[in-house]
Amino acid sequence: MRRSHKYWKNKKVLYVRPWPFFGFVAPTLVRYRAYPWVLQNVYNVFPEQRYFGLYQFVTPYLMIKNPDLIATIAINDVETFPCHRTKIDPESDPIYAKLLFSMKAGEQWKESREILKLALSGNKLKNSFRLMQECSKDFVNYFSKEGTVEVELKDVSAKFANDVIAAVFGYKCNSLENPSNDFYLTTKYVTEFHFLRAIKFFLYKLSPRMMKFFKFSLVDNRTRLFFHRLIQKNRLSQNSLNFSKRPCSENFNEDCFLVKNNNGKLENSDDDILAQAIQFLFFDFKTISTVLLFAMYEISQNIKVQEKLICEIDKVRKEVSYESLAGIEYLDMVVAETLRKWPPTITTDRKSEKPFTIEPTKPWEETQKFDAETLCLIPIFALHRDPKYFPNPDVFDPERFNAQNKKHIKPFTYIPFGVGARNCVGSEFALIQIKIFLFNLLSRFRLVKSDKSKDVITLSKTVFRLVPEGRVWIKFEPRRNEV
Ligand code: HEM
């Protein structure tokens, strides 16, 4: 596809006028507006359009606004739109090439996806449930030592998300007690998009061959070494890891990390496992910690929601089980509303393999032909905030998802986990992790606003993700006398 600000004009497609060189992302690059709001503004430029063109830097994207058109692209016409944009050439970085998100659709992707899906659901998920339950208990026990405590939400949600991933790797690290444990430091290091990594990504896009020639890898030696050491310990030792109180073989969910090789055999070489580890860190750590942060923040702000949630949680006495957790309908509704208002993945995309046509459905539209390799942007955050689909979108209202109301949500307007063949493979795993955390937390604490933070969250203008600006404080107030 040609990269130039003339592309949409030449194709006679309506488009958002780009800022020179930077395209629509300019307001975030100059730190004027947070990226989710920039996307929402762009989404609103042509209220009646089903789709329109825009430029991310000089790369043309087609924004798909209309929910039916989203379904066409992601479900009905999946042969034309089989993959995401991010595709790292396996020749240039074999580790990144093993990530499902960046894999080209085909047998290897299909099988790897099936294996990961199995590892993250059903009986395997029940096993992970036990680990998550342990991590949540460690979390609340840590705060139960004192009375009311003031906590910073970015910090505590990141530590919990980290500890669950670590547990999947057979590594018990309780990051609240021990914030400088190796796993947490590595997670932070890998997931922070610092300057050097940004440059590496840019160079990869520019010339994968050059990167291969100079043997530059997106996964640096420090990360590689850390995980290789961990994998070796897990495989070779039947004894506890230094940081684990249990035999690691019991914890290490190796099935999460199986990959089919080109000869159709199941294997998990150290590099395969390393790739899956990176996948967990990218997909689980950032998404889960973001959802937990916003869920705790919204619950602290909305007292009625909190009281109702506590009431429902208290009905499940003593130990919560996998089954009883799924039965707490109001918890489902609170999590669903958090994912509506604050979806951690603010957009997703599809890339067309072949040319395609969009037929008119409105009087002012014309048949429009598009080239192969057209990049389609699906604006998850903006759809969730569109008052046409969610009236008063800025209000946190879990009742949108009660049994009656959720029937009226227009299909493909609520898509926190994406849609179709390339949707999120970890959604079940993620939902259980979020729910079990909130269950344990609210069983022991009320979440109370803190004077240190404002009532309205401001989003960061320095990153291209959904991140609050600065620190976000609330208080955990023990419910000792009630339970
Ligand atoms: C609240 C948490 C999460 C959210 C909101 C989320 C959201 C998403 C979204 C929007 C996509 C793109 C889907 C599409 O294009 O249609 C995606 C893809 C993906 N997610 Fe998640 N995700 C979450 C947690 C996880 C977890 C825990 C894992 C486990 C490792 C995971 C693994 C993946 C993978 C591997 C893909 C790529 C799938 C493919 O291309 O075949 N996600 N996720």
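As recorded in an unreviewed UniProt entry, the protein chain goes by the name Cytochrome P450, listed as coming from Aquatica leii. Per UniProt, the comment on the protein chain under Cofactor (unreviewed entry) is "heme". The heading Function (unreviewed entry) in the UniProt record of the protein chain holds the text "May be involved in the metabolism of insect hormones and in the breakdown of synthetic insecticides."

J.: Provide a residue-level description of helix α3 (residues 35-43), including the pertinent values.
T.: Helical geometry note: an α-helix holds 3.6 residues per turn, so side chains three or four residues apart project in the same direction. Taken across its 9 residues, α3 has 7 buried, putting it largely inside the fold. Burial in α3 covers these residues: Y35, P36, V38, L39, Q40, V42 and Y43. Elements in contact with the buried residues of α3: α2 (26-29), β1 (51-56), β2 (59-64), β9 (375-378) and α18 (380-384).

J.: Talk me through the sheet that holds β2; I want residue IDs and the actual numbers.
T.: Pairing within the open sheet is mixed, and its 4 strands lie in the order β1-β2-β9-β6. On the outer flanks of this sheet lie β1 and β6 (348-351), each paired with one strand and no other. Across the sheet, the axes of successive neighbouring strands diverge by a mean angle of 35°, strand direction being ignored. The sheet contact formed by β2 and β9 spans 3 bridges and is parallel. Its bridge partner lying in β9, L62 is registered against C376.

J.: Account for the site of the ligand, with residues named and values stated.
T.: For the ligand, the set of nearby residues contains 27 residues, the closest of which are H84, R113, T348, R350 and C424. W109 has a polar side-chain atom sitting 2.9 Å from an oxygen atom of the ligand. The side chain of R350 places a nitrogen or oxygen atom 2.7 Å from an oxygen atom of the ligand. Of all the secondary-structure elements, those providing two or more residues to the shell around the ligand are α6 (107-119), α14 (270-301), β6 and α20 (427-444). Among the elements that make up the shell around the ligand, the one with the highest residue count is α14 (5 residues).

J.: Kindly report on unusual backbone geometry, identifying the contributing residues and their values.
T.: A negative phi holds for most residues other than glycine; trans holds for most peptide bonds. With phi around 60°, R31 is a residue other than glycine that occupies positive phi space. One non-glycine residue with positive phi stands out, namely E373, at about 70°. Considering the arrangement of structural elements, one finds E373 in the loop between β8 (368-370) and β9.

Criteria and cut-off values
Residues numbered from 1 in each chain as written. Predicted model: local features only at pLDDT ≥ 70, side-chain atom pairs only at ≥ 80, totals over all residues. Heavy atoms only, no water. UniProt positions renumbered as here; feature names shortened; annotations may be inferred. Buried < 20%, exposed > 50% of the residue type's maximum accessible area, 1.4 Å probe, protein only. Helix = DSSP H or I, 4+ residues; strand = E, 2+ residues; numbered from the N terminus. Contact = heavy atoms within 4.5 Å. Pairing = 2+ DSSP bridges. Axes fitted to C-alpha atoms, helices over the stretch in contact; angles between N-to-C directions. Near = heavy atom within 4 Å. Polar contact = N/O pair within 3.5 Å; in protein donor to acceptor, adjacent residues only side chain to side chain.

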